[in-house]
Amino acid sequence: MKKFLLPALLVSFICGNLFAISVTIYNNDLALIKDKKEVTLKKGIQKIEIDNVATNIDPTSVLPKFSHSSDKIKINEQNFDYDLVNTNKLLQQYIGKDIEIEKESSGSKKEVVSGTLLAVNGGMVLQTKDKIILNPKGEVSLPKLPEGLRLKPTLSWVIDSRFEGNNNLEFTYQTSGISWVSDYIVVLADNDSSLDITGWVTINNYSGATYNDAKLKLVAGDVNIVREQPRRLYAAKNVMAVSAQAMDEAGGFEERGLFEYHIYDLSRQTTIKNNEKKQIQLMTAQKVPAKKKYIYNAYTDAGKVFTYLSFKNDKKSNLGIALPKGKVRVYKTDAEALEFIGEDKIDHTPENKDMDLKLGKVFDVAVTRTQKEYKKLSSTSHQESYVIEFTNSKKEDIEIEVEENLGVSWKITESSDKYTKKNSNVIVFKIKVPAGKTYNVSYTVKYQ
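One structure accompanies this document, and this report is about it. What you see as residue numbers is a count from 1 along each chain, following the sequence as written. Where totals are concerned, whole chains, interfaces and linings use all residues; where local detail is concerned, this predicted model gives features only for residues with pLDDT of at least 70, and gives and counts side-chain atom pairs only at 80 or more. Excluded from the side-chain calculations are hydrogens and water; all other atoms, namely the structure's heavy atoms, are used.

1. Regarding the sheet that holds strand 23 (residues 338–346)
Link 1 in the chain: Strands qualify as paired when DSSP identifies two bridges or more between them. Helix and strand assignments follow DSSP, with helices taken as H or I runs no shorter than four residues and strands as E runs no shorter than two, numbered in order from the N terminus. Within the open sheet, the five strands sit side by side as 19-15-14-22-23. Their pairing is mixed. Taken across any chain shown, the strands that pair with only one partner, and hence form the sheet edges, are strand 19 (276–289) and strand 23. In this sheet, neighbouring strand axes are inclined to one another by 20° on average, regardless of whether the strands run parallel or antiparallel.
Link 2 in the chain: Where strand 14 (residues 178–188) and strand 15 (residues 194–205) come together, 11 bridges link them in antiparallel fashion. By the bridge assignment for strand 15, Ile185 is matched with Thr198. Between the N-to-C directions of two axes lies an angle of 0 to 180 degrees, each axis being a line fitted to C-alpha atoms and, for a helix, fitted only over the stretch in contact.

Right, dumping it as C-alpha cells:
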C-alpha cells in the first residue's frame, strides 16, 4: 500500500491586512466577523494559519473561501487552536524533564540549580541529584517553547492545492463577548415645549481580539439564536438633525432595513480594541416638539400622578428614524446648569411612533382613590362605584389623564366625565384641575 506523506510545508502568511475587516454586532452578545488575508500557496498538501482571531469564536461557524481558483483548492481540515501560553501550562509540559532555576547568591553571580520537575500543581517540586526541593525560589529557565501551545488564538486549515501563487482567503465567523447598547441624552427646553436629543452607541468588546480599522455595522432587533452551553476560553478583564441623513452627518451612521431588523452602517472605519468600551454618536436632532403630560393609573402607579414627556418620532418633528432600544436620560436647565429630571427605557422604536417617557412622580399633585360602593346584583353580576380626588397645589392649571383598568366584561353605568377606551380593559378620563383647587372624578361600573 502506498503511504501518503504530509509535506512539512507551513504557510503562515501574515503580511498585514490589506482589506478592512468587517464587524457586524448584534444586540444579544453576538458579532459576525468577516476578514480577508493574502496567502501564498504551493501545490500539494499544506497548512494555513491565521492568528489574532477572537478567543470566544464559535469554531462551528467558520466559513472559509478562496477568492479565486477555489475549484483547485480542497480544504481537508479546519482547526481552532486556543491552548494559549501561560506559566502553569508551560511547566506542565516540562514535568519529568530537566529544568534550571536561577537564584541570587551572595556574590554578583547567580546560582543555578538543575533538576527534574516532578510536579507543579499545589506548588513546584524539583528533584536534584541529592534531594527534593519544594517550591524552589528563583527564576525558572526553560530551553524552548513546547509544541502545541499558542501565543494567540489561531485558525488553521489543511488544504490540498492544485493552485500555486498568491490568493485571498476570505473567512467569516461568529463570536460572543462583543455587544452594543444605545443610550440617549434629552435636553428639555425651558418652556417644556421642545427637546434636543442625542443618541450614543456603546460597544463592549471582550471577545479576545482587536479589530483594527474595521468596517462597523450594528443590527437592531431580536435575532433568534440557539444557545449552547457557554464556552469561555479565558475570562475577560474586568444636538441636532431633521432626517436620517443627519444621522450620517452627526455620527457617521446610515440606517436601513435588513430582513425584519434595522442595520446601522458606520460610513468610516474604526478600531475596536479588546477589553474596551467605545462610544460613537448614533444620531442627533434639535427642536423636537414635545409636550409634558400628567398621567394617573391606580393599577401601576400606587396612588401617585406621574409626569411624562411625549413626542413623535416622525420627520415633521425633526426625527423620523428607527431608534434602537436603550435608556433615555432627560435633563433640563435651571438658573445655573443642567439638572437630571428622570429617565426611562424605550424599545426598538419605528418611524412615526408616539413616544412617552415616564420621568417621575408629580410633587404638587395629590390623589385619593376611594371605593364608594360594592353591590351584588345577581349570582353572575355586581356593581362598583369609585371617586378619585385630585388636589392641584401648583400655580397653574393642569390636565391629567386618568387611566382606570377595569378588566373584562364591564359596562360603565354612570360617570362624572366623558371617557375614551384606550383598549378593551382600560378607559381614560381627561380632566382639568385648576391651580390650587380640587377636582373629583366618579364612575360606576357593572361587571357581568
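2. Topic: the pattern of salt bridges
Link 1 in the chain: A side-chain nitrogen of Lys or Arg and a carboxyl oxygen of Asp or Glu constitute a salt bridge if their distance falls within 4 Å. Inspection of every chain in the model, using the stated rule, returns 16 salt bridges.
Link 2 in the chain: The closest approach of N and O atoms between Lys292 and Asp192, which form a salt bridge, is 3.2 Å.
Link 3 in the chain: A salt bridge links Lys332 to Asp192; the nearest nitrogen and oxygen atoms lie 2.6 Å apart.

3. Comments concerning the nonpolar core
Link 1 in the chain: In plain words, nonpolar cores are sets of buried Ala, Val, Leu, Ile, Met, Phe, Trp, Tyr and Cys residues tied together by side-chain atoms within 4.5 Å. In this scheme, a residue with accessible area under 20% of its type's maximum is buried, one over 50% is exposed, and one in between is partly exposed, where area comes from a 1.4 Å probe on protein chains only. Tyr173 and Tyr211 are the most contacted members of the largest nonpolar core, which has 60 residues in total.
Link 2 in the chain: In contact with Tyr173, other than residues within four places in its own chain, are Ala31, Leu32, Ile33, Val53, Ala54, Ile57, Ser61, Val62, Leu155 and Tyr211. For this analysis, residues touch if any pair of their heavy atoms sits within 4.5 Å.

4. Thoughts on the environment of Ser161
Link 1 in the chain: Note on placement: Ser161 falls in strand 12 (residues 154–161).
Link 2 in the chain: In this structure Ser161 comes out as buried when scored by relative accessible area, which is 3%.
Link 3 in the chain: Sequence separation of Ser161 and Ser69 is 92 residues, and the distance between their C-alpha atoms is 9.6 Å.
Link 4 in the chain: Counted as a polar contact is a pair of N or O atoms within 3.5 Å, where, for protein atoms, one must be capable of donating a hydrogen and the other of accepting one, and residues adjacent in sequence contribute only when both atoms are in side chains. Polar contacts involving the side chain of Ser161 include one to the main-chain carbonyl oxygen of Phe163, which spans 2.6 Å.

5. Observations regarding the side chain of Asp192
Link 1 in the chain: In this fold, Asp192 is placed in the loop between strand 14 and strand 15.
Link 2 in the chain: Judged by its relative accessible area of 13%, Asp192 falls in the buried class.
Link 3 in the chain: In contact with Asp192, not counting residues within four places along its chain, are Ala290, Lys291, Lys292 and Lys332.

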